Amino acid sequence: MRKLVPAGLTASLLGAPAALAGEMEINVEIPRLDVAEYHRPYVALWIETPDHKAAANLDVWYDLALPDKEGTEWLKDMRQWWRRTGRSLDMPVDGISSATKAPGTHQLTFSADAAPLADLPPGEYRLVIEAAREVGGRELLRLPFQWPPEDAAEETAKGEHELGAVRLTLKP
Amino acid sequence: MSRFQSFFRSFAAGAAALSLVSLAGPAEAHRMWLHPSATVLSGEDPWLIVDGAIANELFYFEYYALPLEGLAITAPDGTSAEPQNLNHGHYRSSFEVQLVQDGTYKVAVAQDAAFAKYMQDGETKYWRGMAGEIGSAIPAGAEEAEVTHLERRFEVFATVGAPTETVFTPTGKGLEMVPVTHPNDLFAGEEATFKLLLDGAPAAGLDVEIVKGGSRYRDAAGGETVTADSEGLFSFTWPEAGMYWLGAETVDENTGIPGAQKRNASYSATLEVLPQ
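## Examining the overall build of chain A
A count of helices and strands for chain A gives one helix and nine strands. Each helix and strand of chain A, ordered N terminal to C terminal, gives the series β-β-β-α-β-β-β-β-β-β.

Structural data, given as structure tokens:
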């Protein structure tokens, strides 16, 4: 039976599912920064193959509420995301577009039963997270993983300025 | 008379009074270039600002504004885009274009000019203007006329959204660069390949100079030379991110304009290399 789990919703909103489907959980920390002019960063999360081909888009946090799609002007500042996949998209794309997020830790959960993981061929991948902040910097983190996971797995990374702690958890 | 032509005529009228360094042969010519405000753009109908200059140092405005005669902006669908807010200043020309289509635009200034030097009544006289006007340029009775055909092309490329390649089609005249690696897909540490053509055929054996901008802030001239192979292909690995000037020139006798002894062909492109 195929369970429809919209990408981006945490599992807790739907009630804890029986451990039928594999799952990918991502925790991303947007650091609290002590700067005079603070803007929430643009962040893109996607999956790429070892040779940097985009395999799946997971989410893009940007100023999508601005009128006349004004927020799309700065999508190019996430320059690896833009190059590998973003520039071929007509944003906002349903299911992978969200507003910018405040400092703190944010969780995303994806079921192996649903898009995009359901269509992900077995192999070696990297979760890529790229952040770009107005009057700020840009940072990119990559976390390698195997899909589908045979055993429970966890990868962590930590950014230095625009991203905090990132944790990727895979459940088979 | 178009606005461009009136710019050019005022330039030509002052040519005799100017230092003639920029009108001399390639060995003494200043670099000529366009400089884009950006090359990779996102959003709805973003604006592209382009500066033009004749100046050796990259990319500083310190010698002469680039005449915008022969400016052509080609949109991804092949149509012409109109420049706005044109300005021809002391050291810098500039204009703006609103990029309303997705894809790759080419902004080019193509000069098809001629330069003549002749003797009249014992005096040395000079003339500079469009190549098509050379027939009426030199008066009867002029002696020792030397006519040089100048075919020069300066280009920049800018892309909104996904890159396209429609604007790469060469004209088959003068020196031109046909990208193999897309010019708006250049990143530090990666190798890019381009093809150089002269009158539509591979410019085999021609040297191409590639210089990173920011020359004011370093001691080394910073240029590197690569040579086009028998197919006109040349490659270069960008050492770091930045704006780069790419230029080539040649002198030969392949000129279709009457009375010309030689043709100076030159090409430059200003390319932006992004960090990884």
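## Concerning the overall build of chain B
Along its length, chain B carries one helix and 18 strands. Taken across its 276 residues, chain B has 40% of its residues classed as buried. Restricting to contacts in chain B with at least 6 residues of sequence separation, those with at least 24 account for 67%.

## Overview of the nonpolar core
Judged by nonpolar contacts, the single largest core of 57 residues is most densely connected at Tyr 105, Leu 196 and Val 208 of chain B. Discounting residues that sit within four places of it in the chain, Tyr 105 of chain B has contacts with Ile 73, Thr 74, Ala 75, Pro 76, Ala 81, Leu 99, Phe 157, Ala 158 and Val 167 of chain B. Formed by 33 residues, the second largest nonpolar core is a distinct cluster that contains Ile 30, Trp 46, Ile 47 and Met 78 of chain A.

## With respect to the sheet that holds strand β9 (residues 165–171) of chain A
Residue and element names in this part refer to chain A. Read across the sheet, four strands follow the order β5-β1-β9-β8 without closing on themselves; strand pairing throughout is antiparallel. In this open sheet, the two edge strands, each paired with only one partner strand, are β5 (104–111) and β8 (153–158). Mean inter-strand twist for the sheet, computed between neighbouring axes without regard to direction, equals 10°. One ladder, built from eight bridges, connects strand β1 (residues 23–30) with β5; its direction is antiparallel. Residue pairing across strands places Glu 25 opposite Thr 109, the latter belonging to β5.

## Considering the environment of Glu 133 of chain B
All names here are of chain B. Structurally, the position occupied by Glu 133 is in the loop between β9 (123–130) and β10 (143–160). The exposure class assigned to Glu 133 is partly exposed, which follows from the 13 C-beta atoms found within 10 Å. Residues Glu 133 and Ala 113, 20 residues apart in the sequence, show an inter-C-alpha distance of 8.8 Å.

## Quick notes on the pairing of β9 of chain B
Residue and element names in this part refer to chain B. As paired elements, strand β8 (residues 103–120) and β9 share eight bridges and run antiparallel to each other. Bridge pairing in β9 places Gln 120 opposite Glu 123. Taking the residues between adjacent antiparallel strands as the criterion, β8 and β9 are bridged by two residues, where Asp 121 takes a positive phi near 55°.

## Observations regarding unusual backbone geometry
Residues and elements named next belong to chain A. Going from Met 91 to Pro 92, the amide bond is cis rather than trans, its omega being 5°. Residue position: Pro 92 is located in the loop between α1 (79–84) and β4 (97–98). In the Ramachandran plot, Lys 69 falls in the positive-phi region, its phi being about 55° despite a non-glycine side chain. By the secondary structure assignment, Lys 69 is in the loop between β3 (54–61) and α1. What makes Lys 69 partly exposed here is the crowd of 14 C-beta atoms within 10 Å. Here the phi dihedral of Val 135 falls at roughly 55°; this positive angle occurs in a residue that is not glycine. Note that Val 135 resides in the loop between β6 (123–132) and β7 (138–147).

## What to know about the sheet that holds β6 of chain A
All names here are of chain A. Taken together, the five strands give an open sheet; going across it, the order is β4-β3-β2-β6-β7, and neighbouring strands pair in mixed fashion. The sheet is open, and its two edges are formed by β4 and β7, each paired on a single side. As paired strands, β3 and β4 are joined by two bridges and run parallel to one another. Bridging from a neighbouring strand, Trp 61 pairs with Ser 98 of β4.

## A closer look at the confidence of the model for chain B
Residues and elements named next belong to chain B. Scored by pLDDT, chain B has a mean of 90; 90% of the residues are at 70 or more. Counting interchain partners and residues more than four positions distant, the pLDDT-below-50 stretch residues 7–28 has 28 contacts. Scored as a whole, the predicted complex attains pTM 0.88, and scored at its interfaces, ipTM 0.86.

Calculation notes
- Residues numbered from 1 in each chain as written.
- Chains lettered and ligands numbered in written order.
- Predicted model: local features only at pLDDT ≥ 70, side-chain atom pairs only at ≥ 80, totals over all residues.
- Helix = DSSP H or I, 4+ residues; strand = E, 2+ residues; numbered from the N terminus.
- Buried ≥ 20, exposed ≤ 12 C-beta atoms within 10 Å, placed from the backbone.
- Contact = placed C-beta atoms within 7 Å.
- Core = buried A, V, L, I, M, F, W, Y, C linked by C-beta atoms within 7 Å.
- Pairing = 2+ DSSP bridges.
- Axes fitted to C-alpha atoms, helices over the stretch in contact; angles between N-to-C directions.
- pLDDT = per-residue confidence, 0-100.

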